[in-house]
Every structure is written in C-alpha cells, then in structure tokens.
Amino acid sequence: MGKDMIADTVAADHTAVRVALWRALHLRADPPPHVFEDEIGLRLADPGDGWRDRPDMDVHATRRTRASIVARARFVEDLVVERAGEGVDQYVVLGAGLDTFAQRRPEAGARGLRVFEVDRPGPQAWKRRRLADLGLGVPEWLRLVPVDFEGDWWGQLLGAGLDTGRPAVVASAGVTMYLTPETVEATFRLVARLAPGSMLVTTFLRPIEDVEPEERPQLEVAMKGARAAGTPFLSFYRPPQILALAREAGFREVRHISAADLEQRYFADRTDGLRPSRGEELLVATA
C-alpha cells in the first residue's frame, strides 16, 4: 500500500465532513421545521467540541449553502422513498461520503431495498471503521463499493451486485464538479442504459457568474480550497447544457430542479428567510 493510500485511510474526505457538519448545523442554527434531520453524520465525522467555531461553519455566511445542502439531501431521499414504494429496490449513492441513509432508515432495508455506497477506497475505509466504532456496522443490505471514479468504477459496482436488469435510483450529490466533463458524460451514458424506469438524480454546479452576487466570494473560497486539497472543481453546467447532455446520453425524460423549485417545495412556509442558492441545482433523468 502506497504512502498516499495510507494517508487517505486515516481521515474522511474534507468535503464530506463539511457536508455532514452543515447538515448538523441546520438543526442547531435554523428553527424548526427542519428540512432534513441528520445527527449520525456529525457522530461519524467526530469533529470535536469546537466545530461550530470553524470559519466554514459561520451561521450567517453559510445560510444559503447549508439550505442547498439539506434541500438536495431531502429531495434525493424523498425520490428514493417514492420510487421504493413503487417497487424499485436498488439505490446507488455515487460519492457517498458520510451519507447516513442506511443508518437513519433501517426500515428501507427491511422492505427489500439494497443500497450501494460508491466512493474512493481511503475515505470509505475510514467510514467503515467509524461505523464499527459507533456500533452501527454495515448491514447486509448495504454494500460499500470502493472505486476510482476515473477508472472502471461501473464494473466494480456491477461486481458488488447491482442488477442492471431491474430499475435503480442512482444519486450523485456534490460530485460532478470534481469530475472531468468526459467522466460526467460517460456516467450519464452508463446510467441511461439501466433498466427502463431507472432514474439519475444529480446535482451540478453552475458557473460562478450565475451564482447570487453575495454568494460568489464563498464559492471562490471553496474553489481555492478544493484546488489546494488536490480536488479542483472541473465541471460547471448551465441548466440547458446539462439537460442536453442527459438527452444525448439516452435518457427519455429529463427535468431541471431549480433552487426556486426547492424553495417552493421545502422553504415556502418559513419566516426566517432561509433559502437555497442557485449555485448548485439538480437534474432528474429517467431511463
């Protein structure tokens, strides 16, 4: 095992930790009703008592960002539960990070849903150890699939038991910006070939000039941090571009879920002004 791999296994991916902390911050900084409730991600991350003093946890500066994070998580899981109710029994999480669906919703496994968490080997090995440390473990219906996203990750997913003859929901939240456009396109084509009725739900990062002016400095900091960490942002899309990409990949139906759509769905009755940013939005594509 190389030095980089050893280093990679001793800590979670920093972006995955930040997402888990923003989800937890939503429960602490924003009044109910909460859009999404996840305390297990915070336990997995185990950031220490001073985590709320981190600059990237500033309650005011991160309002739109954490609203977007919890809105996308809620949307994806609402879709998975809806499709599971219609008989879809496979859920693939690409770039799973510290996702906790399997821990928070054990009833889904009891009803026959199989979950495949796909992520890089180092962070996933770290997560497996944290699940064991917390006494949560890995249930039989959850498959952890370590992959190189720029390699044959699809073959590894199939080897883990994904049945291409049955519909699946494939979710990719906060991932496309780290992939080359060629890899994004290849991923779309692979998912589009799954059984009819399969769905891809993915976030995409819009170009910085599309982002609300007050949010641009924060995005610039995130981009700089990603470059410094060796995981630069590589792919940005405007809605018409990613819709066209999905159609060209072979999906029969494509939908853009905008920040305004998420606001109407999850934030319409709030009086505190919490709203998601249009910097990251969603695509839903049906095979």
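The sections below set out a description of the structure shown in this document. This structure is a prediction, so every number in the text was calculated from the model and none was measured. (Residues numbered from 1 in each chain as written. Predicted model: local features only at pLDDT ≥ 70, side-chain atom pairs only at ≥ 80, totals over all residues. Heavy atoms only, no water.)

**A look at the layout of surface pockets**
So, point 1. Its volume calculated, the second largest pocket comes out at about 220 Å³.
So, point 2. Looking at the second largest pocket, it is lined by 14 residues, and the ones nearest its centre are Val81, Ala84, Gly85, Ala108 and Arg111.
So, point 3. Of all elements in the fold, only helix H4 (63-85) and helix H6 (106-110) reach the threshold of two or more residues within the lining of the second largest pocket.
So, point 4. The element contributing the most residues to the lining of the second largest pocket is H4, with 4 residues. (1 Å grid on protein atoms, 1.4 Å probe; cavity = no way out; pocket = protein on both sides within 12 Å on 5 of 7 lines; lining within 4 Å. Points joined across faces, edges and corners; volume = space filled by probe spheres on them. Helix = DSSP H or I, 4+ residues; strand = E, 2+ residues; numbered from the N terminus.)

**Focus: the packing of aromatic side chains**
By convention here, two paired aromatic rings are described through the distance between centres and the angle between planes.
So, point 1. A full pass over the atoms with the stated rule returns 6 aromatic pairs.
So, point 2. Note on Tyr91 and Phe101: the rings are 5.2 Å apart at their centroids and 80° apart in plane angle, and the pair reads as edge-to-face. Of this pair, Tyr91 sits in strand E1 (residues 90-94) while Phe101 is found in helix H5 (residues 101-104), placing the two residues 10 residues apart along the sequence. The pair Tyr91 / Phe101 is uniform in exposure class, with both members buried.
So, point 3. With centroids separated by 6.1 Å and ring planes inclined at 50°, the aromatic side chains of Phe149 and Trp153 adopt a geometry described as tilted. Here the two residues Phe149 and Trp153 agree in accessibility, since each one is buried. (Phe/Tyr/Trp six-rings, centres within 6.5 Å; stacked < 30°, edge-to-face > 60°. Buried < 20%, exposed > 50% of the residue type's maximum accessible area, 1.4 Å probe, protein only.)

**Here's the deal with helix H7 (residues 121-133)**
So, point 1. Taking 1.5 Å per residue as the helical rise, H7 with its 13 residues ought to reach 18 Å, and the 18 Å between its terminal C-alpha atoms agrees with that figure.
So, point 2. Listed as buried for H7 are Gly122, Pro123, Gln124, Trp126, Lys127, Arg130 and Leu131.
So, point 3. Directly after H7, the chain includes Gly135, whose backbone phi takes a positive value near 75°. (Expected span 1.5 Å × (residues − 1).)

**Section: the packing of helix H2 (residues 14-29) against H4**
So, point 1. Following both chains from N to C, one finds H2 and H4 inclined at 100°, their axes separated by 9 Å at the closest point. Considering the angle they form, H2 stands roughly perpendicular to H4. Between H2 and H4, the residues in contact are Val19, Trp22, Arg23, Leu25, His26 and Ala29 and Thr65, Arg66, Ile69, Val70, Arg72 and Ala73, respectively.
So, point 2. For the contact of H2 with H4, the class distribution of residues is 7 nonpolar, 2 polar and 3 charged. (Axes fitted to C-alpha atoms, helices over the stretch in contact; angles between N-to-C directions. Parallel < 35°, antiparallel > 145°, perpendicular 65-115°, else oblique. Contact = heavy atoms within 4.5 Å. Nonpolar A, V, L, I, M, F, W, Y, C, P; charged D, E, K, R; others polar.)

**So, the sheet that holds strand E3 (residues 142-146)**
So, point 1. Overall, mixed pairing links the 7 strands, which are arranged E3-E2-E1-E4-E5-E7-E6 in an open sheet. Among the strands making up the open sheet, the edge pair consists of E3 and strand E6 (253-257). The sheet shows a mean angle of 15° between the axes of neighbouring strands, direction not considered.
So, point 2. Running over the sheet, H4 touches E1, strand E4 (169-172), strand E5 (199-205), E6 and strand E7 (280-286) and is turned about 175° from E5. (Pairing = 2+ DSSP bridges.)

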